[in-house]
Amino acid sequence: MNIFNNLVETLGSASFWINALQLILSLSLLVFVHEFGHYFFARLFKMRVDKFYLFFNPKFSLVRWDPKNHKLQFFVKNPDDDAEKGDNNAEEPAVEAQASHPEQAAEDEQDEKSTWRDTVYGLGWVPLGGYCSIAGMVDETTSAKELSEKPKAWEFRSRPAWQRLLVMIGGVLFNFLAACIIFAGMTWHYGDKYIPYENATEGMLFSPCAEKIGFRDGDIPLSADGKELPVGNLQALLEAKQVKVLRDHKDTITINIPEGYLLEANAEAEAEQKKEHPQLFMDYRVPMVIKSVQNGDGAAKAGLKAGDKMLSVNGVKTPDYRDFIEQLENNKNSTAVIAYLRDGKIDSAKVEINDGGKIGIGVTNPDEIFKVKYVDYGFLPSVKIGFQKGWNLLVDYITMFKYVFSKEGVKSLGSFGAIGSLFGGEINWSFFWYITAYLSIILAFMNILPIPILDGGYVLFLLIEMITGWKPSEKTMDICLRIGFYFIVLLMVFALGNDFYRFIIK
């Protein structure tokens, strides 16, 4: 019964549907880019592409456009596959095309390598991917039995190995380029705005997992393995062997990071996300500084003013605004002694706290307390930074991928639920584009893995062919694709099971 209630609660939450819509939008864009990469190189080498679809279309299509036969259809039942291929390859439709467009017909007769009009373009109704069906290629849409005995000049299998290789890596290449372009666009539009660690005068807050290996609240990170630690690059810290921090604004401390510590930190982060107030591994420690005082409430009555920095509540120190809020909650509906700093002098006042744990103050933002660094970039520098970010993210993901084969890594595997949760349950376009670029890198890397049915499986066979001269038969490719398909299905079922356990059962 609890599982059913959890399922109903999940499906009934606005954040679930916000995440789902953002996930569909993001993956739709990335799948289109990926398949267009294959299409681009196939057409570059004049190969015939039978179908180009966004989303899968079992039984029927939402939109189907056949430019060669001048047909644009909506909500149409799929023609029989053989008949459909006949539409593109048979002579009768070609005769009709000649009658309507004799110049184009003459061009088609002269160019046996096919044109873009030989492709049926469509939009399916199952938003889980898409496909680019290239003539003469054994893939998830075409088996070895469907290929004619004699290869045609415009078929995939008739082309040199280097051309087929470029077709297969086209999707991965375009996904990587898409991530770099997104990062470049974000850099050009938003620039950079951040608080350097050295400007965080109050230091950082650390989670229990971080404290266990030697970090202390108030530490200011200086370097990771001797290199400057970029703001926001937590993985560089977690992957390092040694991290240096400034403690108490005077001592430089070296903290040794245990091997494989990244997984432990990720596990803690996952557990924290389930809490009402999750705690980050490392976050800025921001003091409570009053920005405004509301007349008639406790702060105004006690004489507190804008600019006052809160130090403690009833003797309990509150170096971070979250500590201050917590102490107000603990002392609500009472009068508490609050110590504060004003013009370099410490003072205190008795302040009435209402039954909601409030004293009637506005809070100063962190970028008004600490010195913020602003950086604007022109077009060309943005492009350079975009490619640097894309490459660094790819390297970081490859480095982290080794943990997938550990016990903890297997537990962390997830599918659509885990990916959708990355969007955070709200609409934030800058964050949406960042996650989309991140997913584009993941899609590129996962597809280049040497597993049959993935692009990397084809690439592996093509490299063997280019090195040894041995070309696997269509039947061999068909068998390998089936094995790869079942492996991917089992992996997906396992990942979906992890999602169900993580988000519904737990």
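Description of the structure in this document. (Residues numbered from 1 in each chain as written. Predicted model: local features only at pLDDT ≥ 70, side-chain atom pairs only at ≥ 80, totals over all residues. Heavy atoms only, no water.)

## A closer look at the sheet that holds strand S8 (residues 220–224)
Here is step 1: Reading across from one edge, S9-S8-S10-S11 is the order of the four strands in this open sheet, with antiparallel pairing throughout. The open sheet has two edge strands, strand S9 (227–228) and strand S11 (251–256), and neither has a second partner.
Here is step 2: In terms of strand pairing, S8 meets S9 through two bridges, oriented antiparallel. Paired with alanine 224 across the strands is lysine 227, a residue of S9. (Pairing = 2+ DSSP bridges. Helix = DSSP H or I, 4+ residues; strand = E, 2+ residues; numbered from the N terminus.)

## Here we look at the environment of isoleucine 479
Here is step 1: You can see isoleucine 479 is positioned in helix H18 (residues 474–505).
Here is step 2: Judged by relative accessible area, isoleucine 479 falls into the partly exposed class, the value being 47%.
Here is step 3: Isoleucine 479 sits 27 residues away from proline 452 along the chain, and the two C-alpha atoms are 9.3 Å apart. (Buried < 20%, exposed > 50% of the residue type's maximum accessible area, 1.4 Å probe, protein only.)

## Examining the sheet that holds strand S16 (residues 334–342)
The strands making up a sheet are joined through hydrogen bonds of the backbone, oriented either antiparallel or parallel.
Here is step 1: Read across the sheet, four strands follow the order S15-S14-S16-S17 without closing on themselves; strand pairing throughout is antiparallel. Of all strands in the sheet, those bounded by a partner on one side alone are strand S15 (316–317) and strand S17 (345–353).
Here is step 2: Two elements, strand S14 (residues 309–313) and S15, share two bridges in a ladder whose sense is antiparallel. Bridge pairing in S15 places serine 312 opposite lysine 317.
Here is step 3: Those strands touched by helix H11 (residues 321–330) are S14, S15, S16 and S17, and its axis lies near 45 degrees from that of S14. (Contact = heavy atoms within 4.5 Å. Axes fitted to C-alpha atoms, helices over the stretch in contact; angles between N-to-C directions.)

## Details of the pattern of salt bridges
Here is step 1: Counted under the stated rule, the structure contains 14 salt bridges.
Here is step 2: The salt bridge partner of arginine 48 is aspartate 118, with a shortest N-O separation of 3.6 Å. One end of the pair, arginine 48, is in the loop between helix H2 (14–44) and strand S1 (49–56); the other, aspartate 118, is in the loop between helix H5 (102–110) and strand S4 (120–123), and 70 residues separate them in sequence.
Here is step 3: For aspartate 118, a relative accessible area of 3% puts it in the buried group.
Here is step 4: Sharing partners across several salt bridges, the network here consists of Arg48, Lys68 and Asp118. (Salt bridge = Lys/Arg side-chain N within 4 Å of Asp/Glu carboxyl O.)

## Observations regarding the pairing of strand S2 (residues 60–66)
Here is step 1: The sheet contact formed by S2 and strand S3 (residues 71–77) spans six bridges and is antiparallel. Bridging across to S3, tryptophan 65 finds its partner in leucine 72.
Here is step 2: Where S2 folds back onto S3 in an antiparallel hairpin, the turn is made up of four residues, including histidine 70, whose phi is positive at roughly 55 degrees.
Here is step 3: Where S2 meets S4, three bridges bridge the pair, whose relative direction is antiparallel. Each residue of the ladder has a partner; that of valine 63, found in S4, is leucine 123.

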